[in-house]
Amino acid sequence: MINFQRVSCINGTVPLSSSLMAAEELCSMCKFVEDGEERVVVGSLDLNQCPWLPDELTGMRPGVNEDSQTRAYLSNVCVAKELQNKGLGYALVDKSKKLAREWGITDLYVHVAIDNIAGQKLYKKSGFVYEGEEPAWRARFLGRPRRLLLWLDMNKEPL
C-alpha cells in the first residue's frame, strides 16, 4: 500500500483441542499444522509502519518536521472470545512493541472504539495514553462507532 513502509501480522495460536471449541466451528483458514501438531489462530494484530492508516485519525507524534517513518499503528486487533481476559491480547501487544522497537519505531498508535472498554483497559495496561478522538459526524459518515486514538512513547518503554 502507498506510504506503508512495513506491515507485519502477529498471530497467537494454541493447539487444536476439543476443550476450546468444536473443530467444525472453526474457520478452516485459521487451522494449520506445525511440527505434526494441529493448531488454531486465536488472536491476531497487524503492526503497520506508516504515516497514517486510511480513514483513521492521524497521530501527532513525531512532529511535522520529524521523520514520520518512525510512526506505527496497531490495527485489526482481535482475540477469540473464549480466550479474552487471559493475557493473550497483552502478549500480542507486547510482541508488537518488541518488533516496533526493532524497526526503530518511536511512536506507536492504536485506535479503539469508544465503547470497547476491555480494549481500552488492555491498551492502558500496555502503556498507551489518550491522544484524541474521532468526531461523531465522521464516525456516522463511516458507519462505525467513534474511536479513540491512543499513543505509546516507545522511547520510554523498557528494553
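Each remark here, short or long, concerns the structure printed above.
I will try to describe carefully the structure that is included in this document. Quick caveat: nothing in here was measured; it's all calculated off a predicted structure. (Residues numbered from 1 in each chain as written. Predicted model: local features only at pLDDT ≥ 70, side-chain atom pairs only at ≥ 80, totals over all residues. Heavy atoms only, no water.)

Some details on helix α2 (residues 117-125)
Phase 1: When we look at burial in α2, the residues that qualify are Gly119, Leu122 and Tyr123. Down the axis, α2 shows its buried residues gathered within 90° of arc, on one side only. In α2, the exposed positions angled more than 90 degrees off the buried face are occupied by Ala118, Lys121, Lys124 and Lys125.
Phase 2: On its buried face, α2 sits against β4 (71-79), α1 (88-103), β5 (107-113) and β7 (147-153).
Phase 3: Looking one or two places after α2, you find Gly127, whose phi comes out positive at around 105°. (Buried < 20%, exposed > 50% of the residue type's maximum accessible area, 1.4 Å probe, protein only. Helix = DSSP H or I, 4+ residues; strand = E, 2+ residues; numbered from the N terminus. Arc of directions from axis to C-beta. Contact = heavy atoms within 4.5 Å.)

Digging into the packing of aromatic side chains
Phase 1: A complete count under the given rule lists 2 aromatic pairs for this structure.
Phase 2: When the ring of Tyr73 is compared with that of Tyr109, the centres are 5.3 Å apart and the planes differ by 25°; the resulting orientation is stacked. Residue Tyr73 is located in strand β4, and its partner Tyr109 is located in strand β5; the two are separated by 36 residues in the primary sequence. Side by side, Tyr73 and Tyr109 carry an identical accessibility label, which is buried.
Phase 3: Where Tyr123 meets Phe128, the ring centres are 5.8 Å apart and the plane angle is 75°; that geometry is what we call edge-to-face. Neither Tyr123 nor Phe128 differs from the other in exposure class; each is buried.
Phase 4: Between the NZ or CZ atom of Arg61 and the centre of the ring of Trp151, over which it lies, the distance is 3.8 Å.
Phase 5: Sitting above the plane of the Tyr90 ring, Lys125 keeps its charged end 4.7 Å from the centroid. (Phe/Tyr/Trp six-rings, centres within 6.5 Å; stacked < 30°, edge-to-face > 60°. Lys NZ or Arg CZ within 6 Å of the ring centre and 35° of its normal.)

Some words on the side chain of Ser126
Phase 1: Note on placement: Ser126 falls in the loop between α2 and β6 (129-133).
Phase 2: Residue Ser126 is classed as buried on the basis of its relative accessible area of 2%.
Phase 3: Look past the residues within four positions of Ser126 in its chain and what remains in contact with it is Tyr90, Val93, Lys97, Leu152 and Glu157.

Here's the deal with the side chain of His111
Phase 1: On the secondary structure map, His111 appears in strand β5.
Phase 2: In this structure, His111 is in contact with Leu53, Glu56, Leu57, Tyr73, Leu74, Arg147, Leu148 and Leu149, ignoring residues within four places of it in sequence.

Side note on the packing of α1 against α2
The angle between the axes and the distance between the axes are what describe a pair of packed helices.
Phase 1: Relative orientation of the contacting elements α1 and α2 amounts to 45°, with a least axis distance of 10 Å. As far as their axial angle goes, α2 and α1 are oblique. Considering the relative orientation of α1 and α2, their crossing is right-handed. Facing Gly89, Tyr90 and Val93 of α1, the residues of α2 in contact are Leu122, Tyr123 and Lys125.
Phase 2: Here the contact of α1 with α2 is composed, by residue class, of 4 nonpolar, 1 polar and 1 charged. (Axes fitted to C-alpha atoms, helices over the stretch in contact; angles between N-to-C directions. Parallel < 35°, antiparallel > 145°, perpendicular 65-115°, else oblique. Left-handed = near helix turned anticlockwise from the far one by under 90°. Nonpolar A, V, L, I, M, F, W, Y, C, P; charged D, E, K, R; others polar.)

Notes on the pairing of β4
Phase 1: Sheet topology places strand β3 (residues 37-49) next to β4; 6 bridges connect them, and they run antiparallel. Residue pairing across strands places Asp46 opposite Ser75, the latter belonging to β4.
Phase 2: Sheet analysis places β4 next to β5, joined by 4 bridges and oriented parallel. Residue pairing across strands places Ala72 opposite Leu108, the latter belonging to β5.
Phase 3: With respect to chirality, the unit in which β4 leads through α1 into the neighbouring parallel β5 is right-handed. (Pairing = 2+ DSSP bridges. Right-handed = clockwise from strand over helix to strand, strands pointing away.)

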